Amino acid sequence: MIEARRLALFREVARRGSFAQAAQALRLTPSAVSQQMAALERTTRMPLFERSTRGVTLTAAGQSLLRTADTIHGELHRAERALAQLRDEGPPSVTVATFPSAGTLLLAPALAALDRRNGPHVDTTVIEAEPGQALAALRDGRADVALVYHFHSGQPPQDWDDDAGRRTYHPLLKDELRLVVPAGHALAARSSARIEDVADEPWIQGWDLPGNAVDALASTQGVTPKVVCRSSDFRFMQALVAAGVGIAFIPSLAVEDRADTRALTVTPTAKRYIGACTGPGTPAAPPVRALLEALRERAEALRTT
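These numbers come from a predicted model, not from an experiment.

**Student:** What should I look at first to understand the overall build of the protein in this one?
**Tutor:** Scanning the protein for helices and strands turns up 10 helices and 12 strands. Principal-axis analysis of the C-alpha atoms places the extent of the protein at approximately 70 × 55 × 30 Å. Of all 305 residues assigned to the protein, the portion counted as buried reaches 44%. In the protein, once contacts between residues fewer than 6 apart in sequence are set aside, the share between residues at least 24 apart is 72%.

What follows is the structure, given as structure tokens:
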């Protein structure tokens, strides 16, 4: 049998890429870590690491074991939280990791709806995180639900399995990018535009996935944008548009109704898919099931408005 403590140590080495760094993080000696990892390889009867002067990388067997280690780590963390809740006899709790626009549009109204119902009070903790960070929190057992988004396809990206381990994806919403221009812009009176129409203007761009989606759209049209600002805050981006700094591409659900900007449909566009991920618990804990239902109801309300 693989010892759980060795598996936890293996996970730390895999994440840090070095026996020495894992030893430092865990306040052990590098030789102790090396001995434990050698013992783990003897137990599995397979090499788990490729060693070099720059550190260690995982073999195929190591990658497979890491997925198991992540799942076990998350399950143990969730078990500790559940036992602490029973021991303290407190109200049920749920921890949600969410990106800001989903927190505003989906999570906050869903939590308000839960609070108005006659069920037991639920203590809620919210972690603000972009999808990669939210999935890591789910994998590590620090979150029960991760609100996430992705572009282009309704199916979640395959690499999410590496970020979250075993998880269940619950689709909620989809929206499209909108071209946001100042109210006095030459395109403001139109309902739609093409990317080429703003090819020569300054662009206010997002970071990470939204920025990558816009970059891909621009590339398909042979447009090389002049980016004057990058931000992860859609409200800030729209405020800069209103101030005349440039134009921006913002998901429709995140566009604010402002008198000093206009939001146009744009060709081509990109779809943003929003969903919730939960851990491998079967079935999910009652507070998680209640929150998922409230999120679905809120998503349905948004679709019909």
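And the narrative resumes.
**Student:** Explain the pairing of strand E3 (residues 93–98) to me, please; I cannot follow it from the model alone.
**Tutor:** The side chains of a regular strand alternate, residue by residue, between the two faces of the sheet. Counting buried positions over the six residues of E3 gives five, a clear majority of the element. As paired elements, E3 and strand E5 (residues 145–151) share two bridges and run parallel to each other. Bridge pairing links Ala97 to Ala146 in E5.

**Student:** Quick question: what am I supposed to make of the packing of aromatic side chains here?
**Tutor:** Between two aromatic rings, the relevant description is the distance of the centres plus the angle of the planes. Per the counting criterion, the structure on display carries five aromatic pairs. Each ring, one from Phe19 and one from Phe49, has its centre 5.5 Å from the other, and the planes form 90°; the classification is edge-to-face. Placement of the pair is Phe19 in helix H2 (residues 19–26) and Phe49 in strand E1 (residues 49–52), with a sequence separation of 30 residues. Accessibility expressed as a relative area gives 13% for Phe19, which makes it buried. Ring geometry for Tyr149 versus Phe151: centroids 6.1 Å apart, planes at 85°, classification edge-to-face. In this structure, Tyr149 and Phe151 share a single accessibility class: buried. Among the aromatic side chains, those forming a connected cluster through ring pairs are Phe10, Phe19 and Phe49.

**Student:** Can you help me understand helix H8 (residues 208–220) in this one?
**Tutor:** Under the 1.5 Å per step criterion, the end-to-end length of H8 is 18 Å for 13 residues, consistent within 8% with the ideal 18 Å. Among all positions of H8, only Pro210, Gly211, Ala213, Val214, Leu217 and Ala218 are buried. Around the axis of H8, the buried residues are gathered within 160° of arc, so they sit on the same side. For H8, the exposed residues lying more than 90 degrees away from the buried face are Ser219 and Thr220. Against the buried residues of H8 lie E5, strand E6 (168–182), strand E8 (202–206), strand E9 (226–231), helix H9 (234–242) and strand E10 (247–251). Remark: Gly222 follows H8 within two positions and exhibits a positive phi of approximately 70°.

**Student:** I tried to follow the pattern of salt bridges on my own but got confused; where do I start?
**Tutor:** Should their charged atoms come close, side chains of opposite charge can pair. The final tally for this structure, using the stated rule, is 18 salt bridges. Between Asp197 and Arg194 there is a salt bridge, with the nearest N and O atoms lying 3.3 Å from each other. As a salt-bridge pair, Asp215 and Arg230 come within 3.7 Å of each other at their nearest N and O atoms. You can see Asp215 sitting in helix H8 and its partner Arg230 sitting in strand E9, a full 15 residues away along the chain. Asp215 gets classed as partly exposed once you look at its relative accessible area, which sits at 29%. With relative accessibility at 31%, the residue Arg230 sits in the partly exposed group. Among the charged side chains, a network of salt bridges with common partners joins Arg11, Arg15, Asp70, Arg139, Asp140 and Arg142.

Rules used throughout
- Each residue is numbered by its place in its chain's sequence as written, counting from 1.
- Totals for whole chains, interfaces and linings use every residue, but because this is a predicted model, local features are given only for residues with pLDDT of at least 70 and side-chain atom pairs only at 80 or more, for both listing and counting.
- Water and hydrogen atoms play no part in the side-chain values, which are based on all heavy atoms of the structure.
- Secondary structure counts use DSSP, requiring at least four H or I residues in a row for a helix and at least two E residues in a row for a strand, with both numbered from the N terminus.
- Residue burial is assigned from relative accessible area. The probe radius is 1.4 Å, only protein chains are included, and a residue is buried under 20% of its type maximum, exposed over 50%, and partly exposed in between.
- Note on definitions: a residue-residue contact is assigned when non-hydrogen atoms from the two residues lie within 4.5 Å.
- Should DSSP find at least two bridges between two strands, the strands are taken to pair.
- Here a Phe, Tyr or Trp ring, Trp counted by its six-membered ring, pairs with any other such ring whose centre lies within 6.5 Å, and the pair is stacked when the planes are under 30 degrees apart, edge-to-face when over 60, and tilted otherwise.
- To estimate the expected span of a helix, subtract one from its residue number and multiply by 1.5 Å.
- The directions from the helix axis to the C-beta atoms form the arc being described.
- Salt bridges are counted wherever a side-chain nitrogen of Lys or Arg sits within 4 Å of a carboxyl oxygen of Asp or Glu.

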